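Structural overview for review
What follows is the residue order along each chain.
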Amino acid sequence: MTEDQILALLGDSGIYIFGAILLFVVIFKGVRIVPQSEKHVVERFGRLRSVLGPGINFIVPFLDVVRHKISILERQLPNATQDAITKDNVLVQIDTSVFYRILEPEKTVYRIRDVDAAIATTVAGIVRAEIGKMDLDEVQSNRAQLIGQIQTSVEDAVDDWGIEVTRAEILDVNLDQATRDAMLQQLNAERARRAQVTEAEGSKRAVELNADAQLYAAEQIAKARRIEADAEAYATSVVAKAIQENGLEAAQYQVALKQVAALNALGAGDGKQTILLPANALEAFGDAFKMLKGRS
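Residues numbered from 1 in each chain as written. Predicted model: local features only at pLDDT ≥ 70, side-chain atom pairs only at ≥ 80, totals over all residues. Heavy atoms only, no water.

Cut-off, in case you're wondering: UniProt positions are given in the numbering used here, feature names are shortened, and annotations may be inferred rather than shown by experiment.
An unreviewed UniProt entry annotates the protein chain as SPFH domain-containing protein of Sedimentitalea todarodis. Per UniProt, the protein chain carries the Subcellular location (unreviewed entry) text "Membrane".

**Regarding the pairing of strand β7 (residues 80–85)**
Put simply, the rule reads: Two strands qualify as a pair provided DSSP detects at least 2 bridges between them. A run of DSSP states H or I qualifies as a helix once it reaches four residues; a run of E qualifies as a strand once it reaches two. Both are numbered from the N-terminal end.
Strand direction decides the pairing type here: β7 and strand β8 (residues 91–102), joined by 6 bridges, are antiparallel. The partner of A80 across the bridge, within β8, is T96. Between the antiparallel neighbours β7 and β8 lie 5 residues, among them N89 with a positive phi of about 60 degrees.

**Some words on the nonpolar core**
If you look at soluble globular proteins, the nonpolar side chains tend to sit buried side by side. Keep this limit in mind: To form a nonpolar core, buried Ala, Val, Leu, Ile, Met, Phe, Trp, Tyr and Cys residues must be joined to one another through side-chain atoms within 4.5 Å. We call a residue buried when its accessible area falls under 20% of the maximum for its residue type, exposed when it is over 50%, and partly exposed in between, using a 1.4 Å probe and counting protein chains only. The contact criterion used is simple: two residues touch if any of their non-hydrogen atoms lie within 4.5 Å.
Ranked by internal contacts, the top residues of the largest apolar core, which has 32 residues, are V92, I119 and I131. Elements with a minimum of two residues in this core: β8, α3 (115–131), α4 (136–141), α5 (143–158) and β9 (163–175). No other element matches the 7 residues that α3 contributes to this core. If we ignore the near neighbours within four places in the chain, the residues touching I119 are L77, V98, Y100, V158, W161 and I163. The next biggest cluster of nonpolar side chains, apart from the first, holds 5 residues, and it includes V34, V42, I59 and V66.

**Digging into the sheet that holds strand β3 (residues 47–52)**
Stated formally: To get an axis, a line is fitted to the C-alpha atoms, and for a helix only the part in contact is used. The angle between two axes follows their N-to-C directions and goes from 0 to 180 degrees.
The 3 strands lie next to each other as β3-β2-β5, forming an open sheet whose pairing is antiparallel. Of all strands in the sheet, those with a lone pairing partner are β3 and β5 (64–71), marking the two edges. Neighbour-to-neighbour, the strand axes of this sheet turn through a mean angle of 30 degrees, independent of strand direction. Relative to β5, strand β2 (residues 38–44) is paired through 7 bridges, and the arrangement is antiparallel. Paired with E38 across the strands is S71, a residue of β5.

**Topic: the packing of aromatic side chains**
Rules: Stacked, tilted and edge-to-face pairs are distinguished by plane angle, under 30 degrees for stacked and over 60 for edge-to-face with tilted covering the rest, among Phe, Tyr and Trp rings (Trp via its six-membered ring) whose centres lie within 6.5 Å. Working rule: Lys NZ or Arg CZ, within 6 Å of ring centre, within 35 degrees of ring normal, means a charge sits over the ring.
Tallied over the entire structure, the rule returns 1 aromatic pair. A cation over a ring is seen here: R167 above F99, with NZ or CZ 4.2 Å from the ring centre.

**Some words on a nonpolar patch on the surface**
So the rule is basically this: Excluding any residue in a salt bridge, patches collect residues exceeding 30% relative accessible area, merging like charges within 9 Å and nonpolar Val, Leu, Ile, Met, Phe, Trp and Tyr side chains within 5 Å. Methods summary: accessible areas were calculated by the Shrake-Rupley approach with a probe of 1.4 Å, and residue burial reflects only the protein chains presented. Here, a salt bridge means any Lys or Arg side-chain nitrogen found within 4 Å of an Asp or Glu carboxyl oxygen.
Side chains of F18, L22, V26 and F62 sit close together on the surface and give an oily, nonpolar patch of about 410 Å² of accessible area. Relative to the assigned elements, F18 resides in helix α1 (residues 3–30). The exposed category is assigned to F18, whose relative accessible area is 58%.

**Things to note about α5**
We count it as follows: Here the expected span of a helix is defined as 1.5 Å times the quantity of residues minus one. By arc we mean the arc of the directions from the helix axis to the C-beta atoms, nothing more.
With 16 residues, α5 extends 22 Å between its outermost C-alpha atoms, agreeing within 8% with the 22 Å of an ideal straight helix rising 1.5 Å per residue. Residues of α5 that are buried: L146, I147, I150, Q151, V154 and V158. Seen end-on, α5 carries its buried residues on one side only, within an arc spanning 135 degrees. Tucked into the core, α5 has its buried residues touching α3, α4 and β9.

Dropping the structure here:
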């Protein structure tokens, strides 16, 4: 093989090799594989051309350039502490934490330079504004409501940046020592007041229950007296009817029975060995037996 043939062969091979290299470069430049967690911003001559989503994408080689690779994973800003003054003029320190993710990278890239610093500044201003609308007690007791208001306000503020605020948390509300001491005194005073109120209510309830018990006892005594009076009236009516039907003997018979019953009661006492009897006691017994004998 002559020298001219070798040069001709190398020339033809060089063209093929150059063509193969050019084809490889075109494919390399024109095909973009985007991970699931990213989006790529493509520019053409310095202007926004498109945003590539996850998967295989095709661009025009040498004209289109992937200028920005943006992660769409959720991010957390560093915990921040800012001072705020409540509606009742109490200085508090608020520890906040914000989570966000980028939804529209083209807005984030071309409208804001430092997105983390911008969100942190926005959150600090909104927290101070929201805290200034509430008293200290409301800040402590309505933390969930305060977090919701802060998140809504932050979402509205960062909407033009293509960002979604997923969570905004208030980690802690710190007070200075003087305010803590004052709150502790107030808490102790409130506890003492509640204890006094509870004790007073207990005394009041005891008096009410005692009065109810006395009223119930009086009602029962009155009921018993009424029953005794009804029984006595019935017995009197029976005696009166007997006297009306049998005359004086029935009355004498009842009187004799009463005398006998009284003597029995007198003799039933413990340790009584000497009993004084009225002079007509034996006559009362005799009259009672006579009347019983007569009735039988």
